[in-house]
Amino acid sequence: MLCYSSVFQRVAFLLMAPKLKPQKLHQIAESGAEQLVKKARTMSTESSMKDAFSTYADYLNNFNEKRERVVKASRDITMNSKKVIFQVHRLSKDNKEEVLEKAGKDLEAVREQHFSRLLKELQGTDFWKLRRAYSPGVQEYVEAATFYKFCVSGTLVTLDEINETLLPLSEPSLEPLQINVLDYILGLADLTGELMRMAIGRISDGEIEFAQRIGQFVRQIHRELMLVVPKMDDSHDMKSKMEVLLQSVIKIENACFSVHVRGSEYIPLLGDDAPTSYLLGGADVE
C-alpha cells in the first residue's frame, strides 16, 4: 500500500509540474550551442595567441643573440683597426715603406678576418636594424683606412672606394653591406685627431713642411664638413666631433705658426723631452 502511494505521488508531481514550451526548449538548445562555440573560439584564440607569442619570443631571442655576435665582431674590428693606426704612427722618413707595407697587410687582415665575420651576420637587411651595434667598429675602420691612404698617397679615400673593397666579402645573391654616409663622416672626423697627432710628431722631428701639408688637409676636411653637417639630421655625435675637429685645426696651425715665426727659438727644442719644451709641455698638445 505504501509503495503504490509513493508511485502515485511521483506521477501526480510530474503531471502538476509546468511544461516547457517548444520555443523555450529551442532557446535552451541554442544557448548551449553558443556556449560551446564560444568556448571553442576561446580555446582557439588562446592557442593562436600562444603560438604567436612563441614565434615572437623565438625571433627576439635569435635577434638578441645575433646582436651580441655583431657587437663582438665590432669590438674586434675596433681593436685591430686601432693597431693599424698605431702602426701608421710609427711612420718616419727613414722607415716609410716598411711601416706602410705592414699597415696595409694589417688593414687587409681586418677586412678578411673580422669584417667578413660581421658580414655573415648582417646579410639581407639586418645591417639597418643593427647599425648602432656595429657602428663604432665601422667608424674606427674608416678612420684607419683613411689614415693609411693619406700617408700612402696624400689623398682621401672615398666612401665608394671603401665600399668597393667590401663587395668581395658579401654573398652575390644577397644585398651587400654598405658603409653609410653618416658612419663615413663620423670616421672622417676622427681621422683629423690622428692627423693632428702626426703633425705635432713631424714638427718635433723637424719635418715642418709635412706638418704644414697635414694642416692644409685637415683645414680642407673641416671646410667641407661645415657645408655638410648643417644639412644633416640632428646628431649629437657629429656636433661633438666637429668641435674636436676645430680644436685639431687650431692646434696644428698654432704649432706650425710658432715654429715658422719663432723658429730660431724653438728649433733647438724640437724633439726635446724636457717638460719646458713648447711642443711637449704646452697645454694645447695632447
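Report on the accompanying structure. Throughout this description, residue numbers start from 1 for each chain and increase along the sequence as written. Local features in this predicted model are restricted to residues whose pLDDT is 70 or higher, and side-chain atom pairs enter the listing and the counts only when it is 80 or higher, whereas totals over whole chains, interfaces and linings include all residues. In computing side-chain properties, one takes all heavy atoms of the structure into account and sets aside hydrogens as well as water.

## Structural notes on the packing of aromatic side chains
So, point 1. Note on aromatic contacts: the rings of Phe and Tyr and the six-membered ring of Trp form a pair at centre separations within 6.5 Å, being stacked when their planes are under 30 degrees apart, edge-to-face when over 60 apart, and tilted otherwise. Counted under the stated rule, the structure contains three aromatic pairs.
So, point 2. Geometrically, the ring pair formed by Phe-115 and Tyr-141 is edge-to-face, given 4.8 Å between the ring centres and 65° between the ring planes. Of this pair, Phe-115 sits in helix α3 (residues 96-121) while Tyr-141 sits in helix α5 (residues 131-153), and the two are 26 residues apart along the sequence.
So, point 3. Buried residues are those whose accessible area, probed at 1.4 Å on protein chains only, stays under 20% of the maximum for their type, while exposed residues exceed 50% and partly exposed ones sit between those limits. Of the residues examined, Tyr-141 reaches a relative accessible area of 1% and is grouped as buried. Strands are runs of DSSP state E lasting at least two residues, helices are runs of H or I lasting at least four, and both sets are numbered from the N terminus onward.

## Overview of the packing of α5 against helix α7 (residues 181-204)
Helix packing geometry: the angle between the two helix axes and the distance between the axes.
So, point 1. As a rule, the C-alpha atoms of each element are fitted with a line to give its axis, helices using only the stretch in contact, and angles between N-to-C directions run from 0 to 180 degrees. Put simply, α5 and α7 touch, their axes get as near as 7 Å, and they point 45° apart. Accordingly, the angle class assigned to the pair α5 and α7 is oblique. Handedness of the crossing formed by α5 with α7: right-handed. Contacts between α5 and α7 involve Arg-131, Ser-135, Val-138, Gln-139, Val-142, Glu-143, Thr-146, Phe-147, Phe-150 and Cys-151 from the former and Leu-182, Asp-183, Tyr-184, Leu-186, Gly-187, Leu-188, Asp-190, Leu-191, Glu-194, Leu-195 and Met-198 from the latter.
So, point 2. Amino acids outside the nonpolar list (Ala, Val, Leu, Ile, Met, Phe, Trp, Tyr, Cys, Pro) and the charged list (Asp, Glu, Lys, Arg) are all regarded as polar, and Gly is one of them. The residue makeup of the contact of α5 with α7, split by class, is twelve nonpolar, four polar and five charged. For this classification, under 35 degrees means roughly parallel, over 145 means roughly antiparallel, 65 to 115 means roughly perpendicular, and everything else is oblique. By definition, turning the near helix anticlockwise from the far helix through less than a right angle yields a left-handed crossing, and turning it clockwise yields a right-handed one. We call two residues in contact when some of their heavy atoms are within 4.5 Å.

## Quick notes on the side chain of Ser-81
So, point 1. Inspection of the secondary structure assignment puts Ser-81 in helix α2 (residues 22-89).
So, point 2. Judged by relative accessible area, which is 0%, Ser-81 ranks as buried.
So, point 3. Leave out the neighbours within four places in its chain, and Ser-81 touches Val-110, Glu-140, Tyr-141 and Ala-144.

## What to know about a nonpolar patch on the surface
So, point 1. Only residues whose relative accessible area exceeds 30% and that form no salt bridge are eligible for patches; like-charged ones are grouped when within 9 Å, while nonpolar side chains (Val, Leu, Ile, Met, Phe, Trp, Tyr) are grouped when within 5 Å. Every accessible area reported is derived by Shrake-Rupley at a probe size of 1.4 Å, with residue values counting cover from the shown protein chains alone. Put simply, a salt bridge is a Lys or Arg side-chain nitrogen that is within 4 Å of an Asp or Glu carboxyl oxygen. On the surface, a nonpolar cluster with roughly 370 Å² of combined accessible area is contributed by Met-49, Phe-53 and Tyr-56.
So, point 2. For Met-49, the position within the fold is in helix α2.
So, point 3. Met-49 gets classed as partly exposed once you look at its relative accessible area, which sits at 43%.

## Looking at the side chain of Asp-76
So, point 1. If you trace the backbone, Asp-76 turns up in helix α2.
So, point 2. Taking the relative accessible area as the measure of exposure, Asp-76 reaches 11% and is therefore buried.
So, point 3. Polar side-chain contacts of Asp-76 include one of 2.9 Å to the side chain of Lys-72.
So, point 4. With near-sequence residues (within four places) excluded, Asp-76 lies in contact with His-114 and Arg-117. Counting of polar contacts relies on pairs of N or O atoms within 3.5 Å, with two restrictions inside protein: one atom must be capable of donating a hydrogen and the other of accepting it, and residues adjacent in sequence are counted only when both atoms are side-chain atoms.

Read these as spatial facts, not as claims about activity.
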